Amino acid sequence: MVNYVPAAQTAGEKDAHPERQLEGLNRAIGEQFSSIPAFPYWKHVGSVGMGSGIYLGDGYVLTSAHVGCYPFSLHDGSHYEPDYASWSVLKNADGSHSDLALFRVQVPASSALAKLGRIALGNSRQTDSPVLLIGTGYTQGAQPLTLSSGSTALGVLGYHVERHRSTAWGLNHSSQSIEQPVETGKNLSTHCFTTQFDRIFFAGQAADGDSGGAAFTYNREQNRWELVGCIIAVSQQRASVAFGCRTYLGDLGAYASQIPGMPATAVVAGSQKSAPIQAHPTSIRSGDCQQ
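Calculation criteria
- Residues numbered from 1 in each chain as written.
- Predicted model: local features only at pLDDT ≥ 70, side-chain atom pairs only at ≥ 80, totals over all residues.
- Heavy atoms only, no water.
- Salt bridge = Lys/Arg side-chain N within 4 Å of Asp/Glu carboxyl O.
- Helix = DSSP H or I, 4+ residues; strand = E, 2+ residues; numbered from the N terminus.
- Buried < 20%, exposed > 50% of the residue type's maximum accessible area, 1.4 Å probe, protein only.
- Polar contact = N/O pair within 3.5 Å; in protein donor to acceptor, adjacent residues only side chain to side chain.
- Contact = heavy atoms within 4.5 Å.
- Phe/Tyr/Trp six-rings, centres within 6.5 Å; stacked < 30°, edge-to-face > 60°.
- Lys NZ or Arg CZ within 6 Å of the ring centre and 35° of its normal.
- Core = buried A, V, L, I, M, F, W, Y, C linked by side-chain atoms within 4.5 Å.
- Expected span 1.5 Å × (residues − 1).
- Arc of directions from axis to C-beta.

**Structural notes on the pattern of salt bridges**
Item 1. Scanning the entire structure with this criterion turns up two salt bridges.
Item 2. With its nearest N and O atoms 2.8 Å apart, the salt bridge here joins Asp58 to Arg118. You can see Asp58 sitting in the loop between strand 3 (51-57) and strand 4 (60-64) and its partner Arg118 sitting in the loop between strand 8 (97-105) and strand 9 (131-135), a full 60 residues away along the chain.
Item 3. With relative accessibility at 47%, the residue Asp58 sits in the partly exposed group.
Item 4. Arg224 serves as the salt-bridge partner of Glu226, at 2.7 Å between the closest nitrogen and oxygen.

Right under this line is the structure:
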């Protein structure tokens with residue numbers, strides 16, 4: 001995850017321990033959205049192989065299908081073995097595969113995972129509501145991409161991405177609906193919404209390894225944070241992230257009937273005939289991973 005931070009925030013703070021990251025997130029929420037309470041689901045987002053995953057509760061993990069079925073790991077280093085037979089790729093109305101998948105993990109009664117409750121799931125969102133992105137992928141380098149004149153930096157254009165994994169977040173002010181399906185590989189087509197990496201402090205953009213990560217919004221009517229999307233792809237190439245890039249998020253509301261605990265007021269969306277968006281899966285290639 002790449003996070004547009006104020007210049008005063010050091011590289012050391014960006015790579016801080018997960019609990020320090022949570023403190024920074026809640027400070028940002030309090031500063032920018034005074035009526036929204038602290039975020040309660042930080043510990044539910046972990047890693048799955050070379051990607052990310054979201055613990056929904058009752059043993060279920062949601063991830064991106066292209067990530068695959070691997071042990072789910074929390075910030076504290078605990079690992080939970082999957083039931084490989086439970087692996088299920090969510091389907092579109094025409095029976096084709098999306099880039100979203102569920103599997104179950106073994107949850108010992110005394111484990112940290114057993115202490116986590118269920119995530120509140122939402123099948124609708126307001127486009128002008130903040131969207132919180134969380135993933136466990138690559139992070140930005142200490143030096144941003146800048147527009148320079150000679151030795152003078154005129155402005156920040158974005159960030160280089162380093163091959164270093166860390167749990168990180170981005171707090172975007174809005175999201176956009178898209179009509180086209182998003183293709184992330186052969187036979188994977190997903191109903192999505194998108195966020196844009198804007199020049200707003202703490203705005204975020206997904207990077208390699210964030211596939212399977214979470215998108216939350218705050219439901220003002222219910223007064224709660226809800227999981228509404230799953231990171232599957234981005235518009236940029238791997239080397240760097242510039243302002244204006246987009247993160248593509250599998251829209252959970254389109255697959256409500258296939259997700260345990262999801263409000264059953266939405267149905268799988270029909271086939272989309274618009275030309276698909278070809279996006280870059282946010283997956284780490286073999287040999288690229290550095291912990």
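**Some remarks on unusual backbone geometry**
Item 1. A positive phi is found at Phe202, a non-glycine position, where the angle reads about 80°.
Item 2. Not every positive phi belongs to a glycine, and Asn223 is a case in point at roughly 55°.
Item 3. Judged by relative accessible area, Asn223 falls into the exposed class, the value being 56%.

**Quick word on the side chain of Thr194**
Item 1. As for its position among the elements, Thr194 is in strand 16 (residues 192-196).
Item 2. Of the polar contacts made by the side chain of Thr194, one reaches the backbone oxygen of Thr247; its length is 2.9 Å.
Item 3. Setting aside anything within four residues of it in sequence, one finds Thr194 in contact with Ser175, Gln176, Ile178, Arg246, Thr247 and Tyr248.

**Thoughts on the packing of aromatic side chains**
Item 1. All told, the structure shown has 12 aromatic pairs when counted by the stated rule.
Item 2. Measuring from centroid to centroid gives 6.0 Å for Phe39 and Tyr41, while their planes differ by 85°, and the two rings are edge-to-face.
Item 3. Residue Tyr41 is classed as buried on the basis of its relative accessible area, which comes to 13%.
Item 4. Residues Tyr55 and Phe72 carry aromatic rings whose centres are separated by 6.4 Å and whose planes lie at 25° to one another, so their mutual orientation is stacked. Of this pair, Tyr55 sits in strand 3 while Phe72 sits in strand 5 (residues 72-73); the two residues are 17 residues apart in sequence, bridging distant segments of the chain. Phe72 matches Tyr55 in its accessibility class, with the two residues each being buried.
Item 5. Put simply, the rings of Tyr4, Tyr159, Phe197, Phe201 and Phe243 pair up and form one aromatic cluster.
Item 6. Note that Arg104 overlies the ring of Tyr60, its terminal NZ or CZ placed 4.3 Å from the centroid.

**What to know about the nonpolar core**
Item 1. In this structure, Phe39, Leu132, Trp169, Phe216, Trp225 and Leu227 are the most contacted members of the largest nonpolar core, which totals 44 residues.
Item 2. Among the elements that make up this core, the one with the highest residue count is strand 19 (residues 224-234) (five residues).
Item 3. Sequence-distant contacts of Trp169, that is, excluding residues within four places in its chain, are made with Met1, Asn3, Gln21, Gly24, Leu25, Ala28, Trp42, Leu132, Leu133, Ile134 and Phe202.

**Considering the environment of Gln258**
Item 1. With respect to the element layout, Gln258 can be found in the loop between strand 21 (246-251) and strand 22 (277-278).
Item 2. Exposure remark for Gln258: the relative accessible area of 26% places this residue in the partly exposed category.
Item 3. Within polar-contact distance, the side chain of Gln258 engages the backbone nitrogen of Lys91 at 2.8 Å.

**Some thoughts on the environment of Asn172**
Item 1. Note that Asn172 resides in strand 12 (residues 168-172).
Item 2. The exposure class assigned to Asn172 is buried, which follows from its relative accessible area of 1%.
Item 3. Residues Asn172 and Ala203, spaced 31 residues apart in sequence, show a C-alpha to C-alpha distance of 4.7 Å.
Item 4. Leaving out residues up to four positions away in the same chain, Asn172 has contacts with Pro130, Val131, Leu133, Thr195, Gln196, Ala203 and Gly204.
Item 5. Among the polar contacts listed, one links the side chain of Asn172 to the backbone nitrogen of Gly204, at a separation of 2.9 Å.

**A closer look at helix 2 (residues 18-32)**
Item 1. Here helix 2 spans 21 Å end to end across 15 residues, near enough to the 21 Å set by a 1.5 Å rise per residue.
Item 2. Every buried residue of helix 2 is listed here: Pro18, Gln21, Leu22, Gly24, Leu25, Ala28 and Ile29. On an axial view of helix 2, the arc spanned by its buried residues comes to 160°, and they lie on one face. For helix 2, the exposed residues lying more than 90 degrees away from the buried face are Arg27 and Glu31.

So, to be careful, I would describe these as geometric facts and stop short of saying anything about function.
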